[in-house]
Structure formats: C-alpha cells, structure tokens
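Observations on the model geometry
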Amino acid sequence: MNIVKKPDIENKWYEALKDEFESSYFADIKSFLIEEKKQHIVYPPSPLIFNAFNLTPFDDVKVVILGQDPYHNVGQAHGLAFSVPDGIQRPPSLLNIFKELNQDLGIPITTNGNLEKWAKEGVLLLNASLTVRANMAASHAKIGWQRFTDAAIKALSDKKQNLVFILWGNYAIAKENLIDKDKHLILKTVHPSPLSASRGFFGCRHFSKTNEYLIKNNIKPIDWNLG
C-alpha cells in the first residue's frame, strides 16, 4: 500500500485539502519539483512553500488576499503573497499597497515589507502558484498549483462564512467564480502594480471596507498596522 506522507501544513488545512494531497496531480507536482531542483534554484525554500497556510490556520482565516506568483529574485519569496522577509527591499506593488493603506486608514508607510503580522491576524496571503524557478516569472504556473490553490479557495468559501476575498487584477478576479457571493464579501480592483495602480487601485479603500464588513458581522477587525 502506498502511504502518503502528511505534508508540513496546519492540520485543519490538511483535512480540508486531503483529497488534493492524495491526488495524482499533486504527486506530479512533487515529482516535477524534485527534478526542477536538480537543475535550477526554486523559490521559496521548501520549508516555506505552505507558509501562508501555516501562519493563517484554516479556522483563523478572516480575509484572503490573492496573488499570482511568488517573487522570483534572491531572498524575496517566503510563501506569502506580496510579502518579503525582513531586510529585503519592498517591491513596487507592495509599496503601492502601503500607499493605499496610508490613504485609506492613515497608517504610516513602513520600510519593512514583511506581512507576517497580517497573516497572524487572519489574512491568508495566498499565491495561485506556490513555487517559481529563480528569475523566471510564472515558470511554475502550469504544473498543477492552481488546481490546488483553487481547491483551497473553494474550501474556504464552502466551509466558512463572512470572509472577505480581496482580488487585485484580472488574474485574481478570474477566481471569483470559486466564491459564494451570498456568504462572503468580494472586493476587486486593478492590480497594485505601477502599471495599473492609478487606474483604480489607489482609492479602492479595501482595507477599511474589509474591517467595516467584519465588524458588521461581529468579527474582530484586522489590525493592518505593521509598525
């Protein structure tokens, strides 16, 4: 009998996604990564692939911010969408997120781009793909990760109530068909990238709208202040 080793992921997430972990496509993802790492550098490091799930346990999720791809430059990716570890320069999209946060809630723009505090507040910072080859954006977009992360989004939508799903950019907005609009709030606008932020990201007020919805549903709001 083929016994599947439990991945390093929080228990409730494992229960929610057990069928995915035991599927043939997930076995293919693992096989691909084993071969990929023989020839290339892969980000984030293996222990951080499920970092978003481990920092935001299934039962604690209040908000989902959906990204597309891990950062692909040295030291940037640590398993959380849009976030970078301490001491790493803030990428342009993240800086724009901080600018909107400042305009919306008056929170000072921090020089630190590490969003682990948000994750521990209940903000699932989920990339659609969980790995990437160094210096090659979207290089793992077609290896099966999206089927896995779609299942995670659908599990949250089906099993929880009154979540806020924040979808920035067309790629994220395309996921809204996975979400039950009668049970959850969907907030969507253009991506915070410098290429599009001025076309609707600035002024979207998604941070205050998120907290207004949570408070209305008797859920403790997110402390967005990273200071």
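Here's a quick rundown of the structure. (Residues numbered from 1 in each chain as written. Predicted model: local features only at pLDDT ≥ 70, side-chain atom pairs only at ≥ 80, totals over all residues. Heavy atoms only, no water.)

This part takes up the pairing of strand β5 (residues 164-168). The buried count for β5 comes to five of five residues, which makes it a mostly enclosed element. Here β5 shows two buried faces, one formed by V164, I166 and W168 and the other by F165 and L167. Pairing of strand β2 (residues 63-67) with β5, which is carried by four bridges, proceeds in the parallel orientation. Counted as the bridge partner of V64 is F165 from β5. Examined bridge by bridge, β5 and strand β6 (residues 185-189) share five bridges and lie parallel to one another. Bridge pairing in β6 places V164 opposite L185. (Buried < 20%, exposed > 50% of the residue type's maximum accessible area, 1.4 Å probe, protein only. Helix = DSSP H or I, 4+ residues; strand = E, 2+ residues; numbered from the N terminus. Pairing = 2+ DSSP bridges.)

This part is about helix α8 (residues 206-216). Looking at α8, one finds that the buried residues are H206, F207, S208, T210, N211, Y213 and L214. Buried positions along α8 lie against β2, α4 (92-105), α5 (116-121), β5 and β6. Just past α8, the residue N218 takes up positive phi, approximately 60°. (Contact = heavy atoms within 4.5 Å.)

Here we take up helix α2 (residues 24-39). The end-to-end C-alpha distance of α2 is 24 Å, a good match for the 22 Å that 16 residues give at a rise of 1.5 Å each. Every buried residue of α2 is accounted for by Y25, F26, I29, L33 and E36. Looking straight down α2, one finds that the buried residues subtend no more than 100° of arc, so they occupy a single side. In α2, the exposed residues that point more than 90 degrees away from the buried face are S24, D28, I34 and K38. On its buried side, α2 packs onto α1 (11-21), β1 (42-43), β4 (132-133) and α6 (145-159). (Expected span 1.5 Å × (residues − 1). Arc of directions from axis to C-beta.)

Just distances and angles here, no functional claims.
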